[in-house]
Amino acid sequence: MSLPVFPDHSNTPNREEVINQIISSIAMEELALSHILNAEGEKLQYVLGTLNDNNGLRPSIDEIIKVNDSVKDLIEAVMFSQMFLRAKLKDALSMDTEREHTHS
């Protein structure tokens, strides 16, 4: 596994750039979560036979329930992630307005 590469500190971003980077990172996390949710939806469609390429799969009720439980657990994890992202966005947006109020 490779190590993360951090930006050069000689070009330290200003407050506005940092806030924009935080908001951008939230948007990228949201995009990633949407791809995960889409994949889970396709997994359900595959198991239920509603996709064209399920190769005649005929899962048992127990298998369908297991897949459904797996999807449910992932959706629950995504919901928790959404709550954290919402709080992160709220904090990032309030940082901008807090600065405006302290310098007015």
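Refer to the structure presented above.
Reading guide: rules and limits
Residues numbered from 1 in each chain as written. Predicted model: local features only at pLDDT ≥ 70, side-chain atom pairs only at ≥ 80, totals over all residues. Heavy atoms only, no water. Salt bridge = Lys/Arg side-chain N within 4 Å of Asp/Glu carboxyl O. Helix = DSSP H or I, 4+ residues; strand = E, 2+ residues; numbered from the N terminus. Buried < 20%, exposed > 50% of the residue type's maximum accessible area, 1.4 Å probe, protein only. Polar contact = N/O pair within 3.5 Å; in protein donor to acceptor, adjacent residues only side chain to side chain. Contact = heavy atoms within 4.5 Å.

Draft legend 1. Highlighting the pattern of salt bridges. Throughout the structure, instances matching the rule amount to 3 salt bridges. As a salt-bridge pair, Lys-88 and Glu-29 come within 3.0 Å of each other at their nearest N and O atoms. With Lys-88 in helix α2 (residues 61–102) and Glu-29 in helix α1 (residues 15–48), this pair connects stretches of sequence that are 59 residues apart. Look at Lys-88 and you get partly exposed, because its relative accessible area is 33%. The shortest N-O distance in the salt bridge between Lys-72 and Asp-73 comes to 3.6 Å. A relative accessible area of 46% means that Lys-72 is categorised as partly exposed.

Draft legend 2. Region of interest: the environment of Ile-19. By the secondary structure assignment, Ile-19 is in helix α1. Separated by 73 residues in sequence, Ile-19 and Ala-92 place their C-alpha atoms 5.9 Å apart.

Draft legend 3. Region of the structure containing the environment of Ser-94. Secondary-structure assignment places Ser-94 in helix α2. A polar atom in the side chain of Ser-94 sits 2.9 Å from the backbone oxygen of Asp-91.

Draft legend 4. The environment of Ile-64, seen in detail. Structurally, Ile-64 can be placed in helix α2. On the basis of relative accessibility, which here comes to 23%, the residue Ile-64 falls in the partly exposed class. Distance from Ile-64 to Leu-48, taken between C-alpha atoms, is 7.5 Å for residues 16 residues apart in sequence. In this structure, Ile-64 is in contact with Val-47, Leu-48 and Pro-59, ignoring residues within four places of it in sequence.

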